[in-house]
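Spelled out, the chains give:
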Amino acid sequence: MKSKAVSEPADGAGDAGARRREQRGWYWYDWANSVFQTSVLTVFLGPYLTEVAKSAADADGYVYPLGIPVRDGSYFAYVISVSVLLSVLVMPLVGAVADRTGRKKPLLGVFAYTGAAATLGMFFLDGDRYLLGGFLLIAANVAYAASIVVYHAYLPQIAEPHERDAVSSRGWAFGYAAGALVLVANLGLFLGHESLGVSEGTAVRICLSSAGLWWALFTLVPLARLRDRPGTVAGARMSLGGGFRQLGQTVRELRRYPLTLMFLLAYLLYNDGVQTVITQASVFGAEELGMAQETLIGAILLVQVLAIFGALGLGRLAERHGTKRTILGSLVAWTAVVACGYFLPAGQPAWFFCLAAAIGMVLGGTQALSRSLYAQLVPRGKEAEYFSLYEVSDRGTSWLGPLLFGLTYQITGSYRDAIISLVVFFVLGFLLLLRVPVRRAAAAVGNTDPGRI
């Protein structure tokens, strides 16, 4: 995105070298946490936890967490939904505390290492321990979401307005590169598990827990390079009471910015569809299309590699055609992808790889450009609070999509019907985003015209 007029500058904008050093450190958290999204949520945990639930199911195919009858094939989708409901409570509070105190680094560290520890614990998920799997998934996903609130909130502080599309796109590309690298290692372990003397289940559990180790190790880089800024309340301490007060103020303030709220609603809708495709694609491929685990891993690896180029490529398109128009175009592509998925023939990996390639080319750009566009609509000093609202519907923490997917499967018994039901999110998100006047929305929060957007 080329800026004709600059809005509020990034903190420390006068020192370009220091700013770029922080940007490079910021990229490393994408490198650290993306493996959780890829190896855990997208590839291994869905099919594996579904098999664990099947091992614990009764003759009718039901498990009973907390006494509630749940079809074994819907268990993973429902656990994702529960984790989101908890995230909705946690993330806005984390954002309020981060902005009030300015202590973003400690909060990033606490939640990153909580999520990493829960992911490491997935090594012990075997047999019929579906309840353990559900607990660890909820703990890891909630902690991940809280850490991402703080991570996203750094973007307006470390990048000037004209840099944000490029910085955001590089971050996503960096994360997808990490996901691809680890998936190659995971694929080698999974395919060669017999020669290594381990069972298939043990190989999956090693892949799951290694994502936690990776997350913990590479989080050290952003913690070393990012810096805290003064909070909105001088001398404020981290406290639940102060966080709730700040959150209440933010909610009241949001009513003054209806255009920012309209973008959030549009994003919630279309991102619900994106995230459900990501989290449920492996279950759809395994259960409906009969794809082997190595095929699923290969397809997700293809998505990861192409998403690197897709993120950078759509970033270039945004420079020429504008960020909003590029996102709208990506939503048209998502609608076509989901429709094609409904008709995909079973037992034919080549067509499944074609679908994966289409997803990869549009995935990274949709996410990166949505993040940078939203950064233009956030009041200065309120980054973490507003990004906590954004993150409610971001990457694997959406709940409407998995809930609709799970309910559709429970009613129809067909994953094809479940996948086509997601079209509604892309269509409604497109129509609502089309109505958002981005320049007026940026001006309403105190930012000047951001130029081509």
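The model shown is predicted, which means the values in this text are computed figures rather than measured ones.

**Quick word on the overall build of the protein chain**
Stage number 1. Across its full length, the protein chain carries 18 helices and two strands.
Stage number 2. The buried share of the protein chain, reckoned over its 453 residues, is 60%.
Stage number 3. Look at the contacts in the protein chain between residues 6 or more apart in sequence, and 86% of them connect residues 24 or more apart.
Stage number 4. If you sum the accessible surface of the protein chain, you get close to 16700 Å²; carbon and sulfur atoms cover 65% of it.

**Digging into the packing of aromatic side chains**
Stage number 1. According to the stated counting rule, one finds 25 aromatic pairs in the structure shown.
Stage number 2. For the ring pair F36 and W215, a centre distance of 5.2 Å and an interplane angle of 35 degrees mean the geometry is tilted. Taken together, the residues span a long stretch of sequence, with F36 in helix 1 (residues 16-56) and W215 in helix 7 (residues 200-218) at a distance of 179 residues.
Stage number 3. What makes F36 buried here is its relative accessible area of 0%.
Stage number 4. Look at W215 and you get buried, because its relative accessible area is 0%.
Stage number 5. Note on Y144 and W215: the rings are 6.1 Å apart at their centroids and 75 degrees apart in plane angle, and the pair reads as edge-to-face. Taken together, the residues span a long stretch of sequence, with Y144 in helix 4 (residues 130-153) and W215 in helix 7 at a distance of 71 residues. Neither Y144 nor W215 differs from the other in exposure class; each is buried.

**Structural notes on the nonpolar core**
The nonpolar side chains of a soluble globular protein tend to be buried, and buried together.
Stage number 1. Among the nonpolar cores identified, the biggest contains 138 residues, and W26, L45, F263, W334 and L433 are the most heavily contacted of them.
Stage number 2. Ranked by residues supplied to this core, first place goes to helix 1 with 16 residues.
Stage number 3. When residues no more than four places from it in sequence are discounted, the contact partners of F263 are Y270, S370, L373, Y374, L377, Y390, L433 and V436.

**A look at the packing of helix 2 (residues 75-101) against helix 14 (residues 383-391)**
Stage number 1. Direction vectors running N to C along helix 2 and helix 14 enclose 165 degrees, while the axes themselves pass 7 Å from each other. Here helix 14 runs roughly antiparallel to helix 2, going by the angle between their axes. For the pair helix 2 and helix 14, the crossing hand works out as right-handed. Between helix 2 and helix 14, the contacting residues are M91, P92, G95, A96, A98 and D99 on the first element and E383, A384, E385, S388 and E391 on the second.
Stage number 2. The residue makeup of the contact of helix 2 with helix 14, split by class, is five nonpolar, two polar and four charged.

**A short note on the environment of P92**
Stage number 1. Mapped onto the elements, P92 comes out in helix 2.
Stage number 2. Judged by its relative accessible area of 9%, P92 is buried.
Stage number 3. With 298 residues separating them along the chain, P92 and Y390 place their C-alpha atoms 9.5 Å apart.

Procedures and definitions
- Residues numbered from 1 in each chain as written.
- Predicted model: local features only at pLDDT ≥ 70, side-chain atom pairs only at ≥ 80, totals over all residues.
- Heavy atoms only, no water.
- Helix = DSSP H or I, 4+ residues; strand = E, 2+ residues; numbered from the N terminus.
- Buried < 20%, exposed > 50% of the residue type's maximum accessible area, 1.4 Å probe, protein only.
- Contact = heavy atoms within 4.5 Å.
- Areas by Shrake-Rupley, 256 points an atom, 1.4 Å probe, with all protein chains shown as cover.
- Phe/Tyr/Trp six-rings, centres within 6.5 Å; stacked < 30°, edge-to-face > 60°.
- Core = buried A, V, L, I, M, F, W, Y, C linked by side-chain atoms within 4.5 Å.
- Axes fitted to C-alpha atoms, helices over the stretch in contact; angles between N-to-C directions.
- Parallel < 35°, antiparallel > 145°, perpendicular 65-115°, else oblique.
- Left-handed = near helix turned anticlockwise from the far one by under 90°.
- Nonpolar A, V, L, I, M, F, W, Y, C, P; charged D, E, K, R; others polar.

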